[in-house]
Amino acid sequence: MLIDEICELLIEELMATGYDESTIFNYRGVIRRFKAHCFKLGVTEYSPAVGQTYADDVISIKTGKFSKQRYETQGRFIRLLNSYYYNQSFCFDVKKRGKIQPTNPIHLQIYKNYVSFLSITYTNINTRHFYEYGMYYLLKYMDQIGINNIEDLSVDSVYSYLASSKPERQRGILCELRLIFRYLKRDDLLEAIAGVRAPRFKRIISTLTDEEFNRIIDVINSGDISLRDAAIVLVGLTCGIRSCDLINLRISDIDWIKETISFKQSKTGNTVILPLTTIVGNAIAKYLCDERPKTDNDYLFVRQIAPFNPLADHASCYAIVAKVFAKANVSKDSRIFGMHMLRHNAASTMVRNQVPIETIAAILGHATPDTTDIYITTDNERLKECVLPMTGISTEVNS
(Lines give C-alpha, C1' and ligand atoms only; values in the text may rest on other atoms or scores of the structure.)
Protein backbone atom coordinates (compact mmCIF):
# COMPACT_ATOMS: atom_id res chain seq x y z
CA MET A 1 0.00 0.00 0.00
CA LEU A 2 1.24 3.49 -0.88
CA ILE A 3 2.41 5.61 2.06
CA ASP A 4 0.25 8.55 0.91
CA GLU A 5 -2.80 6.28 0.80
CA ILE A 6 -2.45 4.70 4.25
CA CYS A 7 -1.74 8.08 5.86
CA GLU A 8 -4.82 9.62 4.26
CA LEU A 9 -6.93 6.69 5.48
CA LEU A 10 -5.63 7.28 9.01
CA ILE A 11 -6.68 10.94 8.96
CA GLU A 12 -10.13 10.00 7.67
CA GLU A 13 -10.52 7.39 10.44
CA LEU A 14 -9.38 9.85 13.12
CA MET A 15 -12.06 12.29 11.98
CA ALA A 16 -14.74 9.61 11.79
CA THR A 17 -13.86 8.29 15.26
CA GLY A 18 -14.32 11.72 16.83
CA TYR A 19 -10.80 12.88 17.63
CA ASP A 20 -10.64 16.63 18.25
CA GLU A 21 -9.05 19.01 15.76
CA SER A 22 -5.89 19.59 17.82
CA THR A 23 -5.15 15.87 17.92
CA ILE A 24 -5.69 15.51 14.17
CA PHE A 25 -3.45 18.54 13.63
CA ASN A 26 -0.69 16.82 15.62
CA TYR A 27 -1.09 13.62 13.57
CA ARG A 28 -0.77 15.64 10.35
CA GLY A 29 2.56 16.92 11.65
CA VAL A 30 3.72 13.38 12.42
CA ILE A 31 2.64 12.26 8.93
CA ARG A 32 4.50 15.16 7.32
CA ARG A 33 7.72 14.19 9.10
CA PHE A 34 7.13 10.51 8.29
CA LYS A 35 6.77 11.26 4.59
CA ALA A 36 9.99 13.31 4.66
CA HIS A 37 11.70 10.37 6.37
CA CYS A 38 10.46 7.97 3.67
CA PHE A 39 11.50 10.39 0.90
CA LYS A 40 15.09 10.31 2.19
CA LEU A 41 14.95 6.51 2.10
CA GLY A 42 13.51 6.55 -1.43
CA VAL A 43 10.47 4.52 -0.26
CA THR A 44 6.87 4.98 -1.45
CA GLU A 45 5.29 1.69 -0.32
CA TYR A 46 4.53 1.18 3.38
CA SER A 47 5.82 -1.83 5.28
CA PRO A 48 6.31 -2.49 9.03
CA ALA A 49 10.08 -2.52 8.42
CA VAL A 50 9.96 1.01 7.02
CA GLY A 51 7.68 2.07 9.86
CA GLN A 52 10.13 0.74 12.44
CA THR A 53 12.95 2.90 11.07
CA TYR A 54 10.74 5.95 11.77
CA ALA A 55 9.65 4.69 15.19
CA ASP A 56 13.33 4.20 16.12
CA ASP A 57 14.27 7.73 15.04
CA VAL A 58 13.93 9.14 18.56
CA ILE A 59 16.96 11.47 18.74
CA SER A 60 16.00 15.14 18.77
CA ILE A 61 17.53 17.15 15.92
CA LYS A 62 17.78 20.24 18.16
CA THR A 63 19.33 18.67 21.27
CA GLY A 64 20.93 15.52 19.88
CA LYS A 65 19.45 13.62 22.82
CA PHE A 66 16.73 11.02 23.31
CA SER A 67 13.28 12.58 22.93
CA LYS A 68 10.54 10.96 24.97
CA GLN A 69 7.91 12.83 22.95
CA ARG A 70 9.25 11.45 19.64
CA TYR A 71 9.47 7.96 21.16
CA GLU A 72 5.84 7.97 22.30
CA THR A 73 4.27 9.89 19.40
CA GLN A 74 6.07 8.12 16.57
CA GLY A 75 5.71 4.73 18.25
CA ARG A 76 1.93 5.11 18.53
CA PHE A 77 1.70 6.38 14.95
CA ILE A 78 3.53 3.35 13.56
CA ARG A 79 1.45 0.96 15.72
CA LEU A 80 -1.65 2.45 14.08
CA LEU A 81 -0.24 2.01 10.58
CA ASN A 82 0.82 -1.56 11.39
CA SER A 83 -2.64 -2.42 12.69
CA TYR A 84 -4.11 -1.37 9.34
CA TYR A 85 -1.34 -3.10 7.40
CA TYR A 86 -2.08 -6.45 9.06
CA ASN A 87 -5.84 -6.20 9.77
CA GLN A 88 -7.19 -3.53 7.39
CA SER A 89 -8.48 -1.55 10.36
CA PHE A 90 -6.92 0.97 12.72
CA CYS A 91 -6.73 -0.13 16.37
CA PHE A 92 -7.01 2.89 18.67
CA ASP A 93 -6.79 0.91 21.90
CA VAL A 94 -4.48 2.45 24.48
CA LYS A 95 -1.32 0.42 24.86
CA LYS A 96 -0.97 -0.91 28.40
CA ARG A 97 2.31 -1.51 30.16
CA GLY A 98 3.25 -5.17 30.07
CA LYS A 99 3.67 -7.28 33.18
CA ILE A 100 7.08 -7.86 34.65
CA GLN A 101 8.37 -11.36 33.98
CA PRO A 102 11.49 -13.34 34.88
CA THR A 103 14.45 -12.85 32.55
CA ASN A 104 15.92 -16.27 33.30
CA PRO A 105 14.57 -18.60 30.54
CA ILE A 106 14.07 -21.52 32.94
CA HIS A 107 12.28 -19.35 35.46
CA LEU A 108 10.20 -17.76 32.71
CA GLN A 109 8.79 -21.15 31.71
CA ILE A 110 7.99 -21.97 35.36
CA TYR A 111 6.27 -18.59 35.67
CA LYS A 112 4.19 -19.07 32.50
CA ASN A 113 3.05 -22.53 33.58
CA TYR A 114 1.98 -21.14 36.94
CA VAL A 115 0.10 -18.25 35.29
CA SER A 116 -1.80 -20.79 33.16
CA PHE A 117 -2.68 -22.73 36.32
CA LEU A 118 -3.97 -19.55 37.98
CA SER A 119 -6.11 -18.62 34.96
CA ILE A 120 -7.89 -21.97 35.28
CA THR A 121 -8.14 -21.91 39.07
CA TYR A 122 -9.26 -18.31 39.71
CA THR A 123 -11.74 -16.14 37.83
CA ASN A 124 -10.92 -12.96 39.74
CA ILE A 125 -8.16 -11.03 37.98
CA ASN A 126 -6.90 -9.37 41.17
CA THR A 127 -6.47 -12.73 42.87
CA ARG A 128 -4.52 -14.01 39.89
CA HIS A 129 -2.26 -10.94 39.90
CA PHE A 130 -1.57 -11.40 43.62
CA TYR A 131 -0.36 -14.97 43.16
CA GLU A 132 1.44 -14.21 39.87
CA TYR A 133 3.65 -11.66 41.54
CA GLY A 134 4.20 -14.05 44.44
CA MET A 135 5.78 -16.53 42.03
CA TYR A 136 7.67 -13.75 40.24
CA TYR A 137 9.39 -12.55 43.43
CA LEU A 138 10.20 -16.09 44.57
CA LEU A 139 11.84 -16.80 41.20
CA LYS A 140 13.65 -13.47 41.39
CA TYR A 141 15.11 -14.48 44.76
CA MET A 142 16.05 -17.91 43.39
CA ASP A 143 17.91 -16.18 40.56
CA GLN A 144 19.81 -14.05 43.05
CA ILE A 145 21.03 -17.06 45.03
CA GLY A 146 21.77 -19.16 41.94
CA ILE A 147 18.91 -21.71 41.96
CA ASN A 148 17.61 -22.54 38.51
CA ASN A 149 15.36 -25.54 39.02
CA ILE A 150 12.36 -25.29 41.30
CA GLU A 151 13.08 -28.84 42.52
CA ASP A 152 16.29 -27.56 44.11
CA LEU A 153 14.40 -25.16 46.35
CA SER A 154 15.15 -26.17 49.95
CA VAL A 155 13.63 -25.40 53.33
CA ASP A 156 16.65 -23.28 54.25
CA SER A 157 16.33 -21.19 51.09
CA VAL A 158 12.63 -20.63 51.76
CA TYR A 159 13.41 -19.45 55.29
CA SER A 160 16.11 -17.17 53.87
CA TYR A 161 13.61 -15.75 51.40
CA LEU A 162 11.17 -14.96 54.21
CA ALA A 163 13.93 -13.45 56.36
CA SER A 164 15.04 -11.17 53.50
CA SER A 165 11.55 -9.74 53.00
CA LYS A 166 10.04 -6.78 54.80
CA PRO A 167 8.10 -7.72 57.97
CA GLU A 168 4.92 -6.08 56.67
CA ARG A 169 5.09 -8.24 53.53
CA GLN A 170 5.64 -11.59 55.25
CA ARG A 171 1.96 -12.44 55.82
CA GLY A 172 1.25 -11.96 52.13
CA ILE A 173 4.34 -13.93 51.13
CA LEU A 174 3.30 -16.88 53.31
CA CYS A 175 -0.10 -16.89 51.60
CA GLU A 176 1.60 -16.84 48.19
CA LEU A 177 4.01 -19.63 49.13
CA ARG A 178 1.28 -21.94 50.42
CA LEU A 179 -0.42 -21.95 47.01
CA ILE A 180 2.88 -22.23 45.14
CA PHE A 181 3.99 -25.26 47.18
CA ARG A 182 0.60 -26.95 46.77
CA TYR A 183 0.86 -26.33 43.02
CA LEU A 184 4.38 -27.81 42.99
CA LYS A 185 3.27 -30.70 45.26
CA ARG A 186 6.11 -29.84 47.62
CA ASP A 187 4.62 -31.11 50.86
CA ASP A 188 8.01 -30.78 52.58
CA LEU A 189 8.08 -27.03 51.99
CA LEU A 190 4.41 -26.70 52.85
CA GLU A 191 5.01 -28.37 56.21
CA ALA A 192 8.08 -26.21 56.82
CA ILE A 193 6.10 -22.96 56.67
CA ALA A 194 3.00 -24.32 58.40
CA GLY A 195 4.22 -23.17 61.81
CA VAL A 196 5.64 -19.81 60.67
CA ARG A 197 3.76 -16.84 62.08
CA ALA A 198 4.35 -13.44 60.58
CA PRO A 199 3.58 -10.15 62.34
CA ARG A 200 0.30 -8.48 61.51
CA PHE A 201 0.46 -4.79 60.81
CA LYS A 202 -2.55 -2.51 61.04
CA ARG A 203 -1.63 1.06 60.37
CA ILE A 204 -3.84 3.99 61.30
CA ILE A 205 -5.28 4.92 57.94
CA SER A 206 -5.27 8.46 56.57
CA THR A 207 -8.42 10.46 55.92
CA LEU A 208 -9.36 13.95 54.85
CA THR A 209 -9.77 16.70 57.37
CA ASP A 210 -13.11 18.51 57.43
CA GLU A 211 -11.46 21.54 55.87
CA GLU A 212 -9.95 19.46 53.04
CA PHE A 213 -13.28 17.73 52.44
CA ASN A 214 -15.06 21.08 52.16
CA ARG A 215 -12.43 22.41 49.73
CA ILE A 216 -12.95 19.38 47.49
CA ILE A 217 -16.72 19.91 47.50
CA ASP A 218 -16.13 23.59 46.65
CA VAL A 219 -13.98 22.59 43.66
CA ILE A 220 -16.67 20.16 42.48
CA ASN A 221 -19.37 22.83 42.76
CA SER A 222 -17.21 25.51 41.11
CA GLY A 223 -17.29 23.87 37.68
CA ASP A 224 -13.48 23.99 37.39
CA ILE A 225 -13.37 20.25 36.75
CA SER A 226 -15.23 18.08 34.26
CA LEU A 227 -18.61 16.59 35.10
CA ARG A 228 -17.09 13.13 34.78
CA ASP A 229 -14.32 13.83 37.28
CA ALA A 230 -16.81 15.42 39.69
CA ALA A 231 -19.07 12.37 39.54
CA ILE A 232 -16.15 9.96 40.03
CA VAL A 233 -14.87 11.78 43.13
CA LEU A 234 -18.36 12.02 44.61
CA VAL A 235 -18.95 8.30 44.04
CA GLY A 236 -15.66 7.58 45.79
CA LEU A 237 -16.35 9.91 48.71
CA THR A 238 -19.89 8.63 49.22
CA CYS A 239 -19.79 4.95 48.26
CA GLY A 240 -16.17 3.99 48.93
CA ILE A 241 -16.04 2.01 45.70
CA ARG A 242 -12.70 0.52 44.60
CA SER A 243 -11.16 1.85 41.39
CA CYS A 244 -11.26 -1.62 39.78
CA ASP A 245 -15.04 -1.67 40.28
CA LEU A 246 -15.60 1.95 39.32
CA ILE A 247 -14.01 1.56 35.87
CA ASN A 248 -16.26 -1.46 35.23
CA LEU A 249 -19.52 0.25 36.22
CA ARG A 250 -22.16 0.13 33.48
CA ILE A 251 -24.96 2.56 32.88
CA SER A 252 -27.37 -0.31 33.55
CA ASP A 253 -25.91 -0.66 37.07
CA ILE A 254 -27.71 2.55 38.01
CA ASP A 255 -31.33 1.88 39.00
CA TRP A 256 -33.00 5.29 38.90
CA ILE A 257 -36.33 3.92 40.12
CA LYS A 258 -35.01 2.11 43.19
CA GLU A 259 -32.22 4.68 43.60
CA THR A 260 -29.39 2.14 43.87
CA ILE A 261 -26.00 1.33 42.35
CA SER A 262 -25.38 -2.42 42.07
CA PHE A 263 -22.33 -4.31 40.85
CA LYS A 264 -20.30 -7.46 41.43
CA GLN A 265 -17.02 -6.75 43.20
CA SER A 266 -13.89 -7.72 41.29
CA LYS A 267 -11.92 -8.50 44.45
CA THR A 268 -14.41 -10.62 46.40
CA GLY A 269 -17.04 -11.60 43.83
CA ASN A 270 -19.70 -10.26 46.22
CA THR A 271 -22.70 -8.43 44.81
CA VAL A 272 -22.93 -4.96 46.33
CA ILE A 273 -26.03 -2.76 46.27
CA LEU A 274 -25.39 0.84 47.31
CA PRO A 275 -27.89 3.64 47.90
CA LEU A 276 -27.85 6.27 45.17
CA THR A 277 -27.78 9.48 47.19
CA THR A 278 -29.20 12.68 45.77
CA ILE A 279 -25.83 14.39 45.36
CA VAL A 280 -24.29 11.40 43.58
CA GLY A 281 -27.38 10.74 41.46
CA ASN A 282 -27.51 14.37 40.31
CA ALA A 283 -23.79 14.35 39.46
CA ILE A 284 -24.06 11.16 37.39
CA ALA A 285 -27.23 12.34 35.63
CA LYS A 286 -25.63 15.66 34.72
CA TYR A 287 -22.56 13.88 33.36
CA LEU A 288 -24.67 11.49 31.27
CA CYS A 289 -26.88 14.24 29.86
CA ASP A 290 -24.41 17.05 29.30
CA GLU A 291 -20.93 15.63 28.84
CA ARG A 292 -20.57 11.89 28.23
CA PRO A 293 -19.59 11.40 24.56
CA LYS A 294 -21.72 9.25 22.29
CA THR A 295 -20.16 5.80 22.08
CA ASP A 296 -21.21 2.23 21.41
CA ASN A 297 -20.07 0.88 24.80
CA ASP A 298 -22.27 1.08 27.91
CA TYR A 299 -19.58 1.81 30.49
CA LEU A 300 -20.60 4.59 32.86
CA PHE A 301 -17.29 6.45 32.83
CA VAL A 302 -15.31 6.69 29.59
CA ARG A 303 -12.34 8.59 28.21
CA GLN A 304 -12.98 12.22 27.30
CA ILE A 305 -11.09 12.04 24.01
CA ALA A 306 -11.48 9.53 21.22
CA PRO A 307 -11.52 6.62 21.26
CA PHE A 308 -14.17 6.81 23.99
CA ASN A 309 -13.20 3.57 25.68
CA PRO A 310 -13.68 2.86 29.39
CA LEU A 311 -10.97 4.05 31.77
CA ALA A 312 -7.93 1.80 31.42
CA ASP A 313 -7.05 0.94 35.02
CA HIS A 314 -6.65 2.24 38.57
CA ALA A 315 -3.96 4.66 37.38
CA SER A 316 -6.63 6.56 35.43
CA CYS A 317 -8.71 6.93 38.60
CA TYR A 318 -5.64 7.98 40.56
CA ALA A 319 -4.86 10.70 38.03
CA ILE A 320 -8.43 12.04 38.20
CA VAL A 321 -8.46 12.16 42.01
CA ALA A 322 -4.97 13.69 42.13
CA LYS A 323 -6.08 16.42 39.71
CA VAL A 324 -9.12 17.28 41.83
CA PHE A 325 -7.05 17.23 45.03
CA ALA A 326 -4.49 19.57 43.45
CA LYS A 327 -7.21 22.09 42.57
CA ALA A 328 -8.51 21.82 46.13
CA ASN A 329 -4.97 22.33 47.48
CA VAL A 330 -5.00 18.96 49.26
CA SER A 331 -1.40 17.77 49.60
CA LYS A 332 -0.45 14.12 49.71
CA ASP A 333 2.22 14.38 52.42
CA SER A 334 2.80 10.82 53.73
CA ARG A 335 -0.79 9.67 53.13
CA ILE A 336 -2.19 7.20 50.66
CA PHE A 337 -3.89 8.87 47.72
CA GLY A 338 -6.33 8.24 44.92
CA MET A 339 -9.56 6.22 45.13
CA HIS A 340 -8.09 4.28 48.06
CA MET A 341 -8.14 7.41 50.22
CA LEU A 342 -11.73 8.18 49.15
CA ARG A 343 -12.72 4.64 50.14
CA HIS A 344 -11.11 5.02 53.56
CA ASN A 345 -12.69 8.42 54.02
CA ALA A 346 -16.17 7.11 53.18
CA ALA A 347 -15.82 4.28 55.68
CA SER A 348 -14.40 6.51 58.38
CA THR A 349 -17.22 9.02 57.93
CA MET A 350 -19.74 6.22 58.48
CA VAL A 351 -17.86 5.13 61.62
CA ARG A 352 -17.98 8.68 63.03
CA ASN A 353 -21.70 8.78 62.26
CA GLN A 354 -22.07 5.57 64.32
CA VAL A 355 -23.26 3.46 61.40
CA PRO A 356 -23.19 -0.22 62.53
CA ILE A 357 -19.98 -1.98 61.51
CA GLU A 358 -22.04 -4.73 59.78
CA THR A 359 -23.68 -2.08 57.58
CA ILE A 360 -20.32 -0.52 56.69
CA ALA A 361 -18.96 -3.96 55.82
CA ALA A 362 -21.93 -4.56 53.50
CA ILE A 363 -21.47 -1.19 51.77
CA LEU A 364 -17.74 -1.76 51.28
CA GLY A 365 -18.33 -5.34 50.16
CA HIS A 366 -16.13 -6.88 52.85
CA ALA A 367 -16.47 -10.63 53.30
CA THR A 368 -16.65 -10.26 57.10
CA PRO A 369 -17.18 -7.30 59.47
CA ASP A 370 -13.76 -8.03 61.01
CA THR A 371 -12.11 -6.59 57.90
CA THR A 372 -13.85 -3.29 58.60
CA ASP A 373 -12.53 -2.95 62.16
CA ILE A 374 -9.50 -1.00 60.95
CA TYR A 375 -11.67 2.04 60.28
CA ILE A 376 -12.31 2.62 63.98
CA THR A 377 -8.70 3.86 64.16
CA THR A 378 -9.84 7.07 62.45
CA ASP A 379 -12.42 7.89 65.11
CA ASN A 380 -10.59 9.70 67.90
CA GLU A 381 -13.62 9.96 70.17
CA ARG A 382 -14.42 6.25 70.05
CA LEU A 383 -10.75 5.40 70.51
CA LYS A 384 -10.76 7.46 73.72
CA GLU A 385 -13.59 5.28 75.00
CA CYS A 386 -11.27 2.27 74.71
CA VAL A 387 -8.66 3.79 77.04
CA LEU A 388 -8.61 2.17 80.51
CA PRO A 389 -8.62 4.51 83.55
CA MET A 390 -5.32 4.71 85.47
CA THR A 391 -6.94 5.29 88.89
CA GLY A 392 -6.53 2.55 91.46
CA ILE A 393 -3.28 1.24 90.09
CA SER A 394 -0.83 0.46 92.89
CA THR A 395 2.07 2.86 93.38
CA GLU A 396 4.23 0.14 94.96
CA VAL A 397 6.08 -0.37 91.71
CA ASN A 398 7.53 3.12 92.06
CA SER A 399 8.60 2.76 95.70
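Break down the overall build of the protein for me, with residues and values.
Check the secondary structure of the protein and you find 17 helices and 3 strands. The buried share among the 399 residues of the protein stands at 42%. Taking the intrachain contacts of the protein between residues at least 6 apart in sequence as the baseline, contacts between residues at least 24 apart amount to 58%. Element-wise, carbon and sulfur atoms account for 53% of the exposed surface of the protein, whose accessible area totals about 23400 Å².

Quick rundown of the sheet that holds strand β2 (residues 260–264)? Include the residues and the values.
Taken in spatial order, the 3 strands of this open sheet run β1-β2-β3, and their pairing is antiparallel. Whereas interior strands pair on both sides, the edge strands pair on one side only; in this sheet they are β1 (254–255) and β3 (271–275). Where β2 lies against β3, 5 bridges are found, and the strand directions are antiparallel. Looking at the pairing, K264 lines up with T271 of β3.

Describe the layout of surface pockets, with residues and values.
Empty space within the second largest pocket amounts to approximately 610 Å³. Lining the second largest pocket are 23 residues, and of these T23, N26, Y27, T73 and R76 sit closest to its centre. At the level of secondary structure, the elements contributing two or more residues to the lining of the second largest pocket comprise α2 (21–41) and α4 (68–87). It is α2 that contributes the most residues to the lining of the second largest pocket, 9 residues altogether. For the lining of the second largest pocket, the per-class residue count stands at 8 nonpolar, 6 polar and 9 charged.

Now, about the pairing of β3: what can you tell me, with residues and values included?
Every second residue of β3 is oriented toward a common face, the buried set being V272 and L274 and the non-buried set T271, I273 and P275. In this antiparallel pair of consecutive strands, β2 and β3, the connection spans 6 residues, and G269 shows a positive phi of 80°.

Which residues make up helix α14 (residues 314–327), and what are the values?
An α-helical turn contains 3.6 residues, so any two residues separated by three or four positions project in the same direction. The end-to-end C-alpha distance of α14 is 20 Å, a good match for the 20 Å that 14 residues give at a rise of 1.5 Å each. Buried residues of α14: C317, I320, V321, V324 and F325, and no others. Projected down its long axis, α14 shows its buried positions confined to an angular sector of 130°, all on one face. Buried positions along α14 lie against α10 (210–222), α11 (227–239), α12 (243–246) and α15 (339–352). Among the residues trailing α14, N329 stands out with phi positive, at a value near 60°.

Which residues make up the packing of aromatic side chains, and what values do they have?
Any two aromatic rings considered together are summarised by their centre-to-centre distance and by the angle between their planes. Within the structure shown, the criterion is met by 17 aromatic pairs. With 5.0 Å between their ring centres and 75° between their planes, F130 and Y131 make a pair best called edge-to-face. Taken together, the ring pairs connect F34, Y46, Y54, F77, Y85 and Y86 into an aromatic cluster. Here the guanidinium or amino end of R250 rests over the ring plane of Y299, the centre of that ring lying 3.8 Å away.

An account of a positive patch on the surface is needed here, citing residue identities and associated values.
A contiguous patch of positive charge on the surface is contributed by R171, R178, R182, R197 and R200. Here R197 is to be found in the loop between α9 (187–194) and α10. Residue R197 is classed as exposed on the basis of its relative accessible area, which comes to 68%.

Residue-level account of the environment of D298, with values.
Tracing the sequence through the fold places D298 in the loop between α13 (278–290) and α14. In this structure, the C-alpha to C-alpha distance between D298 and N309, residues 11 residues apart in sequence, is 9.7 Å.

Describe in detail the pattern of salt bridges, supporting the description with residues and values.
Under the criterion given, the structure shown has 9 salt bridges. Between K68 and E72 there is a salt bridge whose closest N-O contact spans 3.9 Å. Of this pair, K68 and E72 both sit in helix α4, 4 residues apart, roughly one helical turn. What makes K68 exposed here is its relative accessible area of 56%. For K323, the salt bridge is made with D229, and the minimal N-O distance between the two is 3.0 Å. Linking K323 in helix α14 with D229 in helix α11, this pair joins segments that are 94 residues apart in sequence. K323 sits in the partly exposed class, given a relative accessible area of 38%. Taken together, the shared-partner salt bridges connect R228, D229 and K323 into one network.

Give a description of the side chain of Q74 that names residues and reports values.
Relative to the helices and strands, Q74 resides in helix α4. With a relative accessible area of 2%, Q74 lands in the buried category. Here D57 takes part through its backbone oxygen, which lies 3.0 Å from a polar atom of the side chain of Q74. Filtering out sequence-adjacent residues up to four positions away, Q74 remains in contact with Y54, A55, D57 and Q69.

Which residues make up the packing of helix α1 (residues 3–17) against α4, and what values go with them?
The angle between the axes and the distance between the axes are what describe a pair of packed helices. At a closest axis distance of 11 Å, the pairing of α1 and α4 adopts a crossing angle of 105°. Classed by the angle they form, the pair α1 and α4 counts as roughly perpendicular. In this structure, α1 contributes I6, C7, L9 and L10 to the contact, and α4 contributes F77, L80, L81 and Y84.

Calculation rules
- Residues numbered from 1 in each chain as written.
- Predicted model: local features only at pLDDT ≥ 70, side-chain atom pairs only at ≥ 80, totals over all residues.
- Heavy atoms only, no water.
- Helix = DSSP H or I, 4+ residues; strand = E, 2+ residues; numbered from the N terminus.
- Buried < 20%, exposed > 50% of the residue type's maximum accessible area, 1.4 Å probe, protein only.
- Contact = heavy atoms within 4.5 Å.
- Areas by Shrake-Rupley, 256 points an atom, 1.4 Å probe, with all protein chains shown as cover.
- Pairing = 2+ DSSP bridges.
- 1 Å grid on protein atoms, 1.4 Å probe; cavity = no way out; pocket = protein on both sides within 12 Å on 5 of 7 lines; lining within 4 Å.
- Points joined across faces, edges and corners; volume = space filled by probe spheres on them.
- Nonpolar A, V, L, I, M, F, W, Y, C, P; charged D, E, K, R; others polar.
- Expected span 1.5 Å × (residues − 1).
- Arc of directions from axis to C-beta.
- Phe/Tyr/Trp six-rings, centres within 6.5 Å; stacked < 30°, edge-to-face > 60°.
- Lys NZ or Arg CZ within 6 Å of the ring centre and 35° of its normal.
- Patch = residues over 30% accessible without salt bridge, like charges linked within 9 Å, V, L, I, M, F, W, Y side chains within 5 Å.
- Salt bridge = Lys/Arg side-chain N within 4 Å of Asp/Glu carboxyl O.
- Lys, Arg positive; Asp, Glu negative; His and termini not counted.
- Charge placed at Lys NZ, Arg CZ, Asp CG, Glu CD.
- Polar contact = N/O pair within 3.5 Å; in protein donor to acceptor, adjacent residues only side chain to side chain.
- Axes fitted to C-alpha atoms, helices over the stretch in contact; angles between N-to-C directions.
- Parallel < 35°, antiparallel > 145°, perpendicular 65-115°, else oblique.

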